[in-house]
Amino acid sequence: MPVLSGPNASGRAVRLVEARTNHSDIRWSGVTRISTLFKDNRFENCQLASISRGTAKYPNICMALVDERLARSRDVAKPPGVLAYELVQGALVRWSSTVDKSLPDPPTAVLLHGILGCRKNWGSFARRLAQAFPTWQFLLVDLRCHGDSASMKKRGPHTVSSTALDVLKLVAQLRLTPRVLIGHSFGGKVALSMVEQAAKPLARPVRVWVLDATPGKVRPGGNKEDHPAELISFLSTLPKEVSSKRDIVEALVREGFSMDVAQWVVTNLRPSESPGSPTSFSWVFDLKGITEMFQSYEETNLWKIVEDVPGGVHVNFLKAERSLHRWALEDIQRIRAAEELAADEGGAVEMHVLEDAGHWVHADNPDGLFKILSSSFQVVK
């Protein structure tokens, strides 16, 4: 995949730093391997939000990512990867190859895709955010069993919790301190689980956006296109290697899935690397693992973190006006009640509605979504 770009302050391109652990030509410097953070499969020592400037309360949290020049260095070792990712940096973000206390930590947002998606789903939207908020950087992640992370074999069970732990390990390895977590659908529950698992005290403030998902029971809509279990089941009947994307699109439409869903699904097909053979495509995801992940998504209940929000944590739910996911009146009333309770306890819960959008909010109404999310990036405290 080519490195994407966006404009910087001089009108030139800002490179999108990409880490693919299965590519040996990308090398790293200035990242210290952290081997003591994880005990008994628990995340113990990572802050999810920034440390206020001028304080030394958490002096161990620092940033040590490489800049573009060091990425080409030949004499440094690449640490073991956790997940494949891309980092979209605003034009005013500056990096140092070593821990430089004179440089403030750039505020970071993590963007998480849904089931059968990948980090590319967020690419254009993240570049737009980086242009509008040039002091911020945006971490786009391929979750386990998806995209370029599918080749990184992960131990089961494949759950919302284990997926969240992957992302926590990644931000710890990169020495990032996210201030904003944005998750779409399955990714929304992953973001909530990250907050639930992160060590206390949690650096504050941190804003969590759960896009078109609820903390508890998953209620698919009436249309077949919003039944991921059926989609996953049908995909499992298809060959692992196919000769034509068009044939797959047609097969999905015949099965009753919408054209939009069919065209989205085939973005998971990549040209096969079989020398001398006719052009063919293979799936990049681990469908068996994804099946487990979706079952966990249906079963995982994270209402506790919403109804007992830690101080300094701001949880935002966004409902798409034409959501295929069925928002029960019970869910909405429970979120509204959590709003009132959180305000009394020093945290925050909010409910938003995105007009003129279906479930794929960042594709259906990117302008409206941008306007709603922008409040999280305008003031850095």
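Residues numbered from 1 in each chain as written. Predicted model: local features only at pLDDT ≥ 70, side-chain atom pairs only at ≥ 80, totals over all residues. Heavy atoms only, no water.

A few words now on the packing of helix 5 (residues 228-235) against helix 8 (residues 287-299). The geometry of helix 5 relative to helix 8 is characterised by a closest axis approach of 10 Å and an angle of 165° between their N-to-C directions. It follows that helix 5 is roughly antiparallel to helix 8 by the angle criterion. The two elements helix 5 and helix 8 meet at a crossing, and its hand is left-handed. Of the residues in helix 8, those in contact with Pro-228, Ala-229, Ile-232 and Leu-235 of helix 5 are Leu-287, Ile-290, Thr-291 and Phe-294. Classifying every residue of the contact of helix 5 with helix 8 gives 7 nonpolar, 1 polar and no charged. (Axes fitted to C-alpha atoms, helices over the stretch in contact; angles between N-to-C directions. Helix = DSSP H or I, 4+ residues; strand = E, 2+ residues; numbered from the N terminus. Parallel < 35°, antiparallel > 145°, perpendicular 65-115°, else oblique. Left-handed = near helix turned anticlockwise from the far one by under 90°. Contact = heavy atoms within 4.5 Å. Nonpolar A, V, L, I, M, F, W, Y, C, P; charged D, E, K, R; others polar.)

In this section: the pattern of salt bridges. Within the structure shown, the criterion is met by 9 salt bridges. Across the pair Asp-142 and Arg-119 runs a salt bridge, and its minimum N-O distance is 2.4 Å. Taken together, the residues span a long stretch of sequence, with Asp-142 in the loop between strand 8 (137-141) and helix 3 (160-173) and Arg-119 in the loop between strand 7 (108-112) and helix 2 (123-132) at a distance of 23 residues. Judged by its relative accessible area of 1%, Asp-142 falls in the buried class. Look at Arg-119 and you get buried, because its relative accessible area is 2%. (Salt bridge = Lys/Arg side-chain N within 4 Å of Asp/Glu carboxyl O. Buried < 20%, exposed > 50% of the residue type's maximum accessible area, 1.4 Å probe, protein only.)

Let us look at the packing of helix 2 against helix 12 (residues 366-373). In contact at an axis separation of 11 Å, helix 2 and helix 12 are set at 45° when each is read in the N-to-C sense. Between helix 2 and helix 12, the angle falls in the class oblique. As helix 2 runs across helix 12, the sense of the crossing is right-handed. Seen from helix 2, the contacting residues are Phe-125, Arg-128, Leu-129 and Ala-132; seen from helix 12, they are Pro-366, Asp-367, Leu-369, Phe-370 and Leu-373.

With that settled, the discussion passes to the sheet that holds strand 13 (residues 281-283). Taken in spatial order, the 3 strands make up an open sheet running 11-13-12, and their pairing is antiparallel. The open sheet is flanked by strand 11 (241-242) and strand 12 (269-271), the only strands paired with a single partner. Inspection of the sheet shows strand 12 paired to strand 13 by 3 bridges, in the antiparallel sense. Its bridge partner lying in strand 13, Leu-269 is registered against Trp-283. (Pairing = 2+ DSSP bridges.)

Turning our attention to helix 3. Along its 14 residues, helix 3 runs 20 Å from first to last C-alpha, staying within 8% of the 20 Å computed at 1.5 Å per residue. Burial analysis of helix 3 places 12 of its 14 residues in the buried class, which makes it a mostly covered element. Within helix 3, burial applies to Val-160, Ser-162, Thr-163, Ala-164, Leu-165, Asp-166, Val-167, Leu-168, Leu-170, Val-171, Ala-172 and Gln-173. (Expected span 1.5 Å × (residues − 1).)

Another aspect to go through is the packing of aromatic side chains. The way to describe two aromatic rings as a pair is by their centre distance and the angle between their planes. Inspection of the entire model under this criterion finds 12 aromatic pairs. Each ring, one from Trp-136 and one from Phe-377, has its centre 4.8 Å from the other, and the planes form 85°; the classification is edge-to-face. In this pair, Trp-136 is assigned in the loop between helix 2 and strand 8 and Phe-377 in the segment after helix 12, connecting sequence segments 241 residues apart. Residue Trp-136 shares its accessibility class with Phe-377, and that shared class is buried. When the ring of Phe-234 is compared with that of Phe-257, the centres are 6.3 Å apart and the planes differ by 40°; the resulting orientation is tilted. A residue pair is termed long-range when its members are at least 10 positions apart, and Phe-234 in helix 5 and Phe-257 in the loop between helix 6 (245-254) and helix 7 (259-265) qualify at 23 residues. Both residues of the pair, Phe-234 and Phe-257, count as buried. In this structure, Arg-128 is placed above the aromatic ring of Phe-370, and the distance from its NZ or CZ to the ring centre is 4.4 Å. (Phe/Tyr/Trp six-rings, centres within 6.5 Å; stacked < 30°, edge-to-face > 60°. Lys NZ or Arg CZ within 6 Å of the ring centre and 35° of its normal.)

The analysis is restricted to geometry; functional conclusions fall outside its scope.
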